Structures are given as structure tokens and as C-alpha cells.
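# Examination of the molecular architecture
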Amino acid sequence: MVLNEQGRVLLVSQYRHPVRRRLEELPAGLLDHPGESALVAAQRELMEEAGLAADTWHVLVDTFTSPGMSDEAIRVFLARDVRAVERDVQEHEEAEMTTEWADLDLTVRRVLAGEIENAMCAVGVLAADRALRDGFASLRPADAPWPSQKTSPEPGA
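Described in the following lines is the structure provided in the data block. Since the model is a prediction, treat every value here as computed from it, not as a measurement.

### Quick look at the overall build of the protein chain
The secondary structure content of the protein chain amounts to three helices and six strands. N-terminal to C-terminal, the α/β element order of the protein chain is β-β-α-β-β-β-α-α-β. The C-alpha radius of gyration computed for the protein chain amounts to 16 Å, which stays within 12% of the reference 15 Å derived for 157 residues, consistent with globular compactness. C-alpha extents for the protein chain along the principal axes are approximately 50 × 35 × 35 Å. Counting all 157 residues of the protein chain, 41% fall into the buried class. Within the protein chain, contacts between residues separated by at least 24 positions form 63% of all contacts whose residues are at least 6 apart in sequence. Counting only carbon and sulfur atoms, one obtains 52% of the accessible surface of the protein chain, whose full area is about 9,400 Å². Side-chain charges of the protein chain comprise 16 positive and 28 negative groups, with the mean position of each set lying 6 Å from the other.

Dropping the structure here:
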């Protein structure tokens, strides 16, 4: 989740085949290799998807995606103090991705109106709104413990 000094959030839009339409989402991705930290992955994804880097990172919220079916845990970071950086040409899933800066208040209203349906986007937007209202006092450091994070077993274990 990226929030700039003007109170705007960065949304990415991409086609999602299971729902057969484009969804507005937060910049996000998976760990690319065993041992990669969630923060490093978030920083890499922000650069790859939006051509941005951020100087300030905090944990915004941790959540399970669907605990009735899966143990997949998601950590949503809040990135602030952003700047443009060089990036490689988008390819694969980023090829058709678009980005947009959207007013946080308007985006909250869009979540509540059911116009933004991506769960992690909704969670991140609502949490960022609350964090901003609290003056960011409730945020955890970017390296805060994450007990629900899946870790790869040691080789041979």
C-alpha cells in the first residue's frame, strides 16, 4: 500500500481471469525465492509494478486470505516518501497492468460502495485510512514479528 504526501493511494489495475475482468489492487506479489524477506519482496514489487521506491516502510496489517480453506497469510506494508526509480520494461503479468493515484477518502468510499472488490486492496485501504487518522502512531516497524508467515522447511526436514 503506497500513500503519498497528498493523501493519494497507488492502485494498480490488471485483468484477473477467474473473475473475468480487471480489478483494482495494491502493488503486490509473491516471494521470488526461499529466504526472501516480505519487506524485500514488497520493495521489489513496488519497483517492478510502479517504478517507485519508498524511504519509509511500516507494517500496515497482517491477515489470512481464507482461513477456512488455506493457511495463506498476507502482510500489507505501508510505503511512504516515494520517488520514481529506473525499472526494467514490464513483462509477463505486469505487461497489461496500469497504475493510478487515487484520493484516499474517495477510495475508502469506493471500497464501502462495493466498487473495489479485491480483498487485500480493501483491507489495505481501510487500514491506511485509520492509520492516517491516528497519525501513523499505531503502525509497527517493517521488520515486526510475523508469527503467521509461512516459512520454508529446511532442506531434508
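### Describing the sheet that holds strand β1 (residues 8-16)
Taken together, the three strands give an open sheet; going across it, the order is β2-β1-β5, and neighbouring strands pair in antiparallel fashion. With one partner strand each, in any of the chains shown, β2 (21-25) and β5 (98-103) form the two edges of the open sheet. Averaged over all pairs of adjacent strands, the angle between their axes in this sheet comes to 30°, without regard to strand direction.

### Overview of helix α3 (residues 119-133)
The end-to-end C-alpha distance of α3 is 21 Å, a good match for the 21 Å that 15 residues give at a rise of 1.5 Å each. Where α3 is buried, its residues meet β1, β2, β3 (52-64), β4 (73-84) and α2 (104-112). Just downstream of α3, Gly135 is the residue with a positive phi angle, here 70°.

### Details of the sheet that holds β3
Strand order in the open sheet made by the three strands is β4-β3-β6, with antiparallel pairing throughout. Every other strand in the sheet has two partners, leaving β4 and β6 (140-141) as the edge strands with one partner each. One ladder, built from eleven bridges, connects β3 with β4; its direction is antiparallel. Bridge pairing in β4 links Asp62 to Arg75. With respect to the sheet, helix α1 (residues 38-50) is in contact with β3 and β4, its orientation differing from that of β3 by roughly 120°.

### Describing the environment of Val59
If you trace the backbone, Val59 turns up in strand β3. On the basis of relative accessibility, which here comes to 0%, the residue Val59 falls in the buried class. Between the alpha carbons of Val59 and Arg140 there is a distance of 5.2 Å; along the sequence they are 81 residues apart. What Val59 contacts, discounting residues up to four positions off in sequence, is Arg75, Val76, Phe77, Leu139, Arg140, Pro141, Ala142 and Ala144.

### A few points about the nonpolar core
Membership of the largest hydrophobic core comes to 21 residues, with the highest contact counts inside it found for Met1, Val9, Leu11, Leu60 and Val125. At the level of secondary structure, the elements contributing two or more residues to this core comprise β1, β3, β4, α2 and α3. In terms of residue count, α3 provides more of this core than any other element does, six residues in total. The residues touching Leu11, leaving out its near neighbours within four places in the chain, are Glu24, Glu25, Leu26, Thr98, Thr99, Glu100, Ala102, Thr107, Arg110, Ile116 and Cys121. By size, the runner-up hydrophobic cluster in this structure holds 16 residues, among which are Leu10, Val59, Val82 and Ala142.

### Re unusual backbone geometry
You will see that Arg20, though not glycine, has its phi angle at about 55°, which is positive. The residue Arg20 is located in the loop between β1 and β2 in this model. Phi at Phe136 takes a positive value of approximately 65°, unusual for a residue other than glycine.

Rules and cut-offs
Residues numbered from 1 in each chain as written. Predicted model: local features only at pLDDT ≥ 70, side-chain atom pairs only at ≥ 80, totals over all residues. Heavy atoms only, no water. Helix = DSSP H or I, 4+ residues; strand = E, 2+ residues; numbered from the N terminus. Rg over C-alpha atoms; globule rule 2.2 N^0.38 Å. Buried < 20%, exposed > 50% of the residue type's maximum accessible area, 1.4 Å probe, protein only. Contact = heavy atoms within 4.5 Å. Areas by Shrake-Rupley, 256 points an atom, 1.4 Å probe, with all protein chains shown as cover. Lys, Arg positive; Asp, Glu negative; His and termini not counted. Charge placed at Lys NZ, Arg CZ, Asp CG, Glu CD. Pairing = 2+ DSSP bridges. Axes fitted to C-alpha atoms, helices over the stretch in contact; angles between N-to-C directions. Expected span 1.5 Å × (residues − 1). Core = buried A, V, L, I, M, F, W, Y, C linked by side-chain atoms within 4.5 Å.

Any link to function would need more than the numbers given here.
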